[in-house]
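# Observations on the model geometry
So the chains spell out like this:
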Amino acid sequence: MAAAAAGALLLWAPVAAAQEAGPPEPPPDELGEAVREIERLDALRSGLARSFLGSGGDVDRETFRNVCQPVGKEMKSVAAENGWTVSQMAIRFRNPAHRADSAARTVMEEMERDPELMGTWRRTTMDGREGVRYFRRITVERACLACHGAKEERPAFVKEGYPEDRAHGFEVGDLRGVYSVFVPEDGGGDASDDGERR
Ligand code: HEC
């Protein structure tokens, strides 16, 4: 996806400009890698959703296996390979395991106010480790509406499987959530954390 790759490169300028407090600090090399991996994951989801939409098939559990599930699996392997903590979070979540924590919530509020803000990063600690946390916008596309559109039109497997679902009623262009990648400063040597916490 050339467009996504270009987006990833363009990302740095506004993100760096947003770090106004203190002396400008270049992002660690590993963060660039995290940005690339997230662009790849996001393109994977879009591609899968679109190819499904084009196939004209029924939206069911099988379709989900082919759209959001591979993305979740891929996220786990990216986390394990790099020693990062990778997750997807939302305020209006479907799976309660994806409930936005307070940092993610704050970033989403900023993104709601500033539609140009694709991504941002902060220094922080997670589980007692210092590091950098990168957030990337997740945008609703037409292909997502089959499962995240009108409440009544959600596929049966969603209505049954997610009784407390809040991830419906979205429109194209809406902010759906954020990807979050925590890159520990000590190089992420500990690969035992598989990212997605449940
Ligand atoms: C075939 C149905 C289907 C399609 C199409 C679909 N999703 Fe999902 N999506 C789901 C289901 C089901 C979950 C809950 C996954 C889980 O339990 O981990 C989910 C979860 C998510 C999550 C995790 C946060 C949460 O609320 O749990 C995000 C973010 C997300 N979808 C974004 C998208 C985007 C963006 C698109 C379009 C590019 C899309 N989805 C297309 C069914 C779908």
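Calculation rules
Residues numbered from 1 in each chain as written. Predicted model: local features only at pLDDT ≥ 70, side-chain atom pairs only at ≥ 80, totals over all residues. Pairing = 2+ DSSP bridges. Helix = DSSP H or I, 4+ residues; strand = E, 2+ residues; numbered from the N terminus. Expected span 1.5 Å × (residues − 1). Buried ≥ 20, exposed ≤ 12 C-beta atoms within 10 Å, placed from the backbone. Arc of directions from axis to C-beta. Contact = placed C-beta atoms within 7 Å.

The subject of this paragraph is the pairing of strand E2 (residues 119-126). Here E2 pairs with strand E3 (residues 129-139) via eight bridges, running antiparallel. Looking across to E3, one finds that arginine 122 is bridged to arginine 133.

In this section: helix H6 (residues 102-113). The terminal C-alpha atoms of H6 lie 17 Å apart, and with twelve residues this matches the ideal 16 Å at 1.5 Å per residue to within 8%. All of the buried residues along H6 are Ala104, Val107, Met108 and Met111. Along the axis of H6, the buried positions cluster into a sector of 100°, meaning they face one direction only. Every exposed residue of H6 that faces more than 90 degrees away from the buried side is listed here: Ser102, Glu112 and Arg113. In the core, the buried residues of H6 are packed alongside strand E1 (85-89), E2, E3 and strand E4 (175-184).

Turning our attention to unusual backbone geometry. Even without glycine at this site, aspartate 127 takes up a positive phi of about 50°. Secondary-structure assignment places aspartate 127 in the loop between E2 and E3.

Taking 1.5 Å of rise per residue, 15 residues should cover 21 Å, and helix H5 (residues 68-82) covers 21 Å from first to last C-alpha, within 8% of that figure. Listed in full, the buried residues belonging to H5 are Met75, Ala79 and Asn82. Axial view of H5: buried residues confined to an arc of 85°, hence all on one face. Of the exposed residues in H5, those oriented more than 90 degrees away from the buried face are Lys73, Ser77 and Glu81. Phi turns positive, to about 75°, at glycine 83, one or two residues after H5.

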